[in-house]
Amino acid sequence: MNYTSQIATYKALVNLLVGSKNTVNSIEPSDVADIGLELADLLLPILNIINDFAITGGTLNPSNSNGNDLDLYIQGGTKLTFWRKRNGSWVKEAEVDLGIQIVDGNISLQASVNGSVVTVSAGSWGINNVVYSKSTQTQLTLTPGDANYNRIDAVFANTSGGIILSNGLANSNPVPPSKPSNSVIVAYVYVPSIASGDLPYISDSNAPIVVVNGDNVKSKINVLEGNKEIDWQNESAPNDPENRTYAQKHGNSIGRIEGHQDIGSGTMLGYSPNYTYTLNGDGTINLLKITDLFAGTITII
């Protein structure tokens with residue numbers, strides 16, 4: 001805050017009560033007291049602000065709509081930037097380079113999908129050596145699936161601190177959307193066609209997208225009661241005309257596993273088996289272990 005006008009008013013008062021008096025006994029004791037009291041009243045709010053200004057912080061530049069004059073804002077990231085609010089505007093006072101290199105990409109955001117709603121957790125991401133954060137979750141609604149073709153949508157985080165959802169191209173060979181400038185990928189969302197009857201699911205954003213269509217998206221396996229273990233990289237997927245391994249057919253992500261119990265008389269009862277999998281050193285899937293199976297089939301999607 002600028003106190004120039006208050007100081008000028010005080011100086012005028014001193015001149016009036018003391019400075020302008022030049023005759024003997026013309027200065028009243030009360031005038032001298034008023035000068036001291038006025039000075040104390042003038043300094044009190046200034047000293048209180050100096051001793052008790054607010055300190056806030058974040059990863060984005062401060063907004064002039066927040067804070068009061070003389071407040072301090074500390075901006076974090078690869079540099080520490082110190083801002084002071086003066087006359088209603090934030091002014092950059094100092095900057096310290098921490099010597100940290102932030103790799104562009106998602107740091108801690110997690111995405112999930114339930115029906116047509118994609119939920120992205122609170123978290124952080126890095127772009128151009130700056131860390132951006134969001135303290136609350138974000139929910140986004142998927143566009144309904146195409147009648148006949150699958151689609152790959154994408155969730156991005158950008159330098160405006162926002163989380164956005166972009167639609168891919170529904171096609172027999174679905175293509176994900178291009179990454180906008182000043183953004184990073186958070187997750188890919190596979191949106192099956194309405195004709196498939198399948199629900200959308202999160203694809204692994206840390207592995208290349210494996211484009212699938214038609215029957216290629218599923219591996220239907222006959223199973224007995226008990227447990228089943230699959231060598232993901234080396235074991236061939238069943239009934240695959242190209243004799244591909246599970247890794248070649250599905251990539252290194254698993255959308256979901258559906259169980260179908262044969263209860264006799266041609267009736268199959270759906271259920272969800274439990275499963276876990278281990279990873280190789282390069283992040284690819286090693287062994288898939290499926291437990292609590294019933295006699296019938298399971299379908300890997």
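Residues numbered from 1 in each chain as written. Predicted model: local features only at pLDDT ≥ 70, side-chain atom pairs only at ≥ 80, totals over all residues. Heavy atoms only, no water.

Moving on: the overall build of the chain. Along the chain, the regular secondary structure elements total 3 helices and 21 strands. Taking 301 residues into account, the globule formula puts the C-alpha radius of gyration at 19 Å, and the chain, at 33 Å, lies well above it. Referenced to the eigenvectors of the C-alpha coordinate spread, the extents of the chain come out at roughly 120 × 40 × 35 Å. Counting all 301 residues of the chain, 34% fall into the buried class. Across the chain, the fraction of contacts at a sequence separation of at least 24, relative to all contacts at a separation of at least 6, is 47%. When the accessible surface of the chain is split by element, carbon and sulfur atoms take 51% of a total near 17,100 Å². Distance from the positive charge centre (17 side chains) to the negative charge centre (27 side chains) of the chain: 4 Å. (Helix = DSSP H or I, 4+ residues; strand = E, 2+ residues; numbered from the N terminus. Rg over C-alpha atoms; globule rule 2.2 N^0.38 Å. Buried < 20%, exposed > 50% of the residue type's maximum accessible area, 1.4 Å probe, protein only. Contact = heavy atoms within 4.5 Å. Areas by Shrake-Rupley, 256 points an atom, 1.4 Å probe, with all protein chains shown as cover. Lys, Arg positive; Asp, Glu negative; His and termini not counted. Charge placed at Lys NZ, Arg CZ, Asp CG, Glu CD.)

The subject of this paragraph is the sheet that holds strand β20 (residues 285–293). Taken together, the 3 strands give an open sheet; going across it, the order is β16-β20-β19, and neighbouring strands pair in antiparallel fashion. The sheet terminates laterally at β16 (226–231) and β19 (274–279), the two strands that pair on one side only. Pairwise comparison of adjacent strand axes, ignoring direction, gives a mean angle of 15° for this sheet. Relative to β20, β16 runs antiparallel, the two being bridged by 5 bridges. Note on β20: the bridge partner recorded for Lys228 is Ile290. (Pairing = 2+ DSSP bridges. Axes fitted to C-alpha atoms, helices over the stretch in contact; angles between N-to-C directions.)

Taken over all residues, the pLDDT of the chain has a mean of 85, while the share at 70 or more is 93%. Predicted confidence is poor over residues 205–214, with pLDDT under 50, and the contacts of this stretch with residues over four places away or in other chains come to 20 contacts. (pLDDT = per-residue confidence, 0-100.)

Time to look at the pattern of salt bridges. Evaluated as defined, the whole model comprises 6 salt bridges. Measuring nitrogen to oxygen at the nearest pair gives 3.8 Å for the salt bridge that ties Lys79 to Glu95. On the criterion of sequence distance, the pair formed by Lys79 in strand β3 (residues 79–86) and Glu95 in strand β4 (residues 89–97) is long-range, its members being 16 residues apart. Across the salt bridge formed by Lys92 and Glu95, the nearest N and O atoms sit 3.8 Å from each other. (Salt bridge = Lys/Arg side-chain N within 4 Å of Asp/Glu carboxyl O.)

What follows concerns a nonpolar patch on the surface. Residues Leu39, Leu43 and Leu47 make up a contiguous nonpolar surface patch of roughly 230 Å² in combined accessible area. Along the chain, Leu43 turns up in helix α2 (residues 29–51). (Patch = residues over 30% accessible without salt bridge, like charges linked within 9 Å, V, L, I, M, F, W, Y side chains within 5 Å.)

Sheet topology places strand β6 (residues 111–114) next to strand β7 (residues 117–120); 4 bridges connect them, and they run antiparallel. Its bridge partner lying in β7, Ser112 is registered against Thr119. Once β6 ends, the chain turns through 2 residues before running back antiparallel as β7, passing Gly115 with a positive phi of about 65°.

Per the counting criterion, the structure on display carries 5 aromatic pairs. Arranged with centres 5.3 Å apart and planes meeting at 20°, the rings of Tyr190 and Tyr201 form a pair that is stacked. With Tyr190 in strand β13 (residues 183–191) and Tyr201 in strand β14 (residues 201–203), the pair connects residues that are 11 residues apart, well separated along the chain. Here the two residues Tyr190 and Tyr201 agree in accessibility, since each one is buried. (Phe/Tyr/Trp six-rings, centres within 6.5 Å; stacked < 30°, edge-to-face > 60°.)

To continue, consider unusual backbone geometry. In this model, Asn128 sits at a positive phi of 50°, which is unusual for a non-glycine residue. Relative to the helices and strands, Asn128 resides in the loop between β8 (123–127) and β9 (130–134). Given a relative accessible area of 53%, Asn128 falls into the exposed group. Although it is not a glycine, Asn129 adopts a positive phi angle of roughly 70°. The topology assignment puts Asn129 in the loop between β8 and β9.

A word on the sheet that holds β9. Ordered by their spatial adjacency, 3 strands build an open sheet running β5-β8-β9, and the pairing between neighbours is antiparallel. Only two strands of the sheet have a single partner each, and these edge strands are β5 (105–106) and β9. By the bridge criterion, 5 bridges tie β8 to β9 in an arrangement that is antiparallel. Bridge assignment links Trp125 to a residue of β9, and that residue is Tyr132.

On to the side chain of His250. As for its placement among the helices and strands, His250 is situated in helix α3 (residues 246–250). Polar side-chain contacts of His250 include one of 2.8 Å to the side chain of Ser219. (Polar contact = N/O pair within 3.5 Å; in protein donor to acceptor, adjacent residues only side chain to side chain.)

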